[in-house]
Amino acid sequence: MIIQSWKALMSFVTLKSTDLPAEERFDWWCDLISRDVAPTRITSDHVADFRATAGAIDLSAVQLTTMSFPALKSVRTPALIRRSDPEAYELTLIVGGEMWISQNGDDTQMGVGDLVMWQTSRPYDGGAFDGPRQAQAIIVHLPRADLPLPAGKVDGLLSRRMPATGGLGAILATYLKTLVREAPAMAPQDARRLGASTLDLAMAFLAQSLDAQRYLPPETRDQTLMAQIRTFVEHNLADAQLSPGAVAARHHISVRHLQVLFQRQGTTLTEWIRRRRLEHCRTDLADPRLRTLSIRAIATRWGFPRAADFSRSFRAVYGMPPRDYRHSVMGPRGQGAAPGA
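Residues numbered from 1 in each chain as written. Predicted model: local features only at pLDDT ≥ 70, side-chain atom pairs only at ≥ 80, totals over all residues. Heavy atoms only, no water.

Trainee: I'd like to hear about the overall build of the protein, residue by residue, with values.
Mentor: Within the protein one finds 12 helices and 12 strands. When the backbone C-alpha atoms are referred to their principal axes, the protein occupies close to 70 × 50 × 35 Å. Classification of the 341 residues of the protein by burial places 47% in the buried group. When contacts within the protein are restricted to residue pairs at least 6 apart in sequence, long-range pairs at least 24 apart make up 71% of them. Counting only carbon and sulfur atoms, one obtains 51% of the accessible surface of the protein, whose full area is about 17,100 Å². Here the protein carries 41 positive and 34 negative side-chain charges, and the mean point of each set is 9 Å from the other. (Helix = DSSP H or I, 4+ residues; strand = E, 2+ residues; numbered from the N terminus. Buried < 20%, exposed > 50% of the residue type's maximum accessible area, 1.4 Å probe, protein only. Contact = heavy atoms within 4.5 Å. Areas by Shrake-Rupley, 256 points an atom, 1.4 Å probe, with all protein chains shown as cover. Lys, Arg positive; Asp, Glu negative; His and termini not counted. Charge placed at Lys NZ, Arg CZ, Asp CG, Glu CD.)

This is how it looks when you write it as structure tokens:
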């Protein structure tokens with residue numbers, strides 16, 4: 001039996017129209033969106049067999065919605081706004097198909113990898129085009145009252161295509177997709193922390209798009225800087241010369257400032273780099289596709305140029321030398337995980 005609303009559920013749920021008879025699916029979708037997102041008038045050529053999914057992730061500070069649906073048109077009129085208005089900005093990442101939105105006098109077409117935003121307090125119309133793939137989107141619902149940015153500036157971003165191909169846009173897009181993928185395994189106690197991080201990243205992205213970083217609180221700027229640093233480090237783990245000095249210079253901060261940022265996380269940059277390198281090495285050692293690649297080559301590809309240093313560090317963390325770990329996971333013939341591994 002399908003759950004009709006996700007409002008009362010804790011952290012994550014996905015609803016499917018296919019859990020209902022075909023003749024009830026479209027009406028259920030329209031009702032769900034109007035009650036739990038914002039009242040809209042929806043039309044579609046796929047009413048007879050409307051196959052769609054909707055997911056909700058409750059992160060306390062911010063809510064996320066995931067959607068997959070066929071071609072449709074959605075209209076929000078002044079009358080529907082008067083009926084109910086959550087007073088939110090809807091920051092949306094397109095992850096499948098092609099969509100369009102018209103608000104604030106601007107018409108925009110979006111594709112996979114684009115970010116776009118509209119707000120619930122103004123009329124708009126939009127929808128998804130027919131195509132080989134259904135429209136898929138991740139929506140971050142940002143309460144207007146929680147944004148420290150001037151409303152007049154933020155409204156300038158409405159219905160504007162913002163490609164998430166680099167900088168904070170790329171970081172935000174990757175973060176949202178990872179969050180959605182890992183949400184089913186998320187512990188309830190993680191929701192508040194992840195909600196604050198999601199809100200910080202979204203606000204930082206909007207502030208950067210508006211050249212308005214000065215309006216962000218210091219803690220948000222620090223969270224955003226940490227996200228940028230982690231992304232830079234992940235992309236450069238193979239560089240054996242990666243150091244606090246190089247990372248600080250790349251982000252135009254002092255080494256002392258960099259150290260303080262990681263101290264607040266209970267670690268150091270050097271330790272975090274070492275741990276991430278070891279985690280990548282362990283993953284490669286357990287990968288049957290890499291069974292012909294030597295342990296030394298794996299260590300080198302993740303920034304350990306000296307085999308002895310790598311072996312000592314690996315054993316200190318995982319309790320056995322890299323060779324023994326690989327044997328225990330791959331089995332004696334190196335063709336896959338051993339029974340009970």
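There is more to say, and it comes next.
Trainee: Give a description of the sheet that holds strand E2 (residues 41-43) that names residues and reports values.
Mentor: Working definition: the strands of a sheet are paired by backbone hydrogen bonds and lie parallel or antiparallel to each other. Strand order in the open sheet formed by 5 strands is E2-E5-E10-E7-E8, with antiparallel pairing between adjacent strands. Each having just a single partner strand, E2 and strand E8 (106-110) make up the two edges of the open sheet. Neighbour-to-neighbour, the strand axes of this sheet turn through a mean angle of 10°, independent of strand direction. (Pairing = 2+ DSSP bridges. Axes fitted to C-alpha atoms, helices over the stretch in contact; angles between N-to-C directions.)

Trainee: Can you tell me about the packing of aromatic side chains, naming the residues and giving the values?
Mentor: Considering all chains together, one arrives at 11 aromatic pairs under this definition. The interplanar angle of 50° and the centroid separation of 4.7 Å between the aromatic rings of Phe314 and Tyr318 together place this pair among those described as tilted. A residue pair is termed a helical-turn pair when its members lie 3 or 4 positions apart in one helix, as Phe314 and Tyr318 do in helix H11 (residues 307-318) at 4 residues. Judged by relative accessible area, Phe314 falls into the buried class, the value being 0%. (Phe/Tyr/Trp six-rings, centres within 6.5 Å; stacked < 30°, edge-to-face > 60°.)

Trainee: Which residues make up the pairing of strand E10 (residues 124-128), and what values go with them?
Mentor: Within E10, 4 of the 5 residues are buried, which leaves the element mostly enclosed by the surrounding structure. In terms of strand pairing, strand E5 (residues 72-76) meets E10 through 5 bridges, oriented antiparallel. Residue pairing in the sheet places Ser74 in a bridge with Gly126 of E10. Where strand E7 (residues 99-103) and E10 come together, 4 bridges link them in antiparallel fashion. The residue bridging Ile101 from the neighbouring strand is Gly126, located in E10.

Trainee: Help me get a handle on helix H6 (residues 218-235), residues and values and all.
Mentor: The α-helix winds at 3.6 residues per turn, so residues separated by three or four positions along the chain end up facing the same way. Its 18 residues place the ends of H6 26 Å apart at the C-alpha level, agreeing with the 26 Å of an ideal helix rising 1.5 Å per residue. Of all the residues in H6, the buried ones are Thr220, Thr224, Leu225, Met226, Ala227, Ile229, Phe232 and Val233. Looking at the packing, one finds that the buried side of H6 touches helix H4 (167-182), helix H5 (191-210), helix H7 (244-250), helix H8 (255-263) and helix H9 (269-285). (Expected span 1.5 Å × (residues − 1).)

Trainee: Account for the environment of Thr268, with residues named and values stated.
Mentor: Along the chain, Thr268 turns up in the loop between H8 and H9. Sequence separation between Thr268 and Val62 is 206 residues, and the spatial gap between their C-alpha atoms is 29 Å.

Trainee: Describe the pattern of salt bridges, listing the residues and the values that go with them.
Mentor: Counting across every chain of the model gives 16 salt bridges. Between Arg264 and Asp222 there is a salt bridge, with the nearest N and O atoms lying 2.8 Å from each other. In this pair, Arg264 sits in the loop between H8 and H9 while Asp222 sits in helix H6, placing the two residues 42 residues apart along the sequence. Overall, the relative accessible area of 55% leaves Arg264 in the exposed class. (Salt bridge = Lys/Arg side-chain N within 4 Å of Asp/Glu carboxyl O.)

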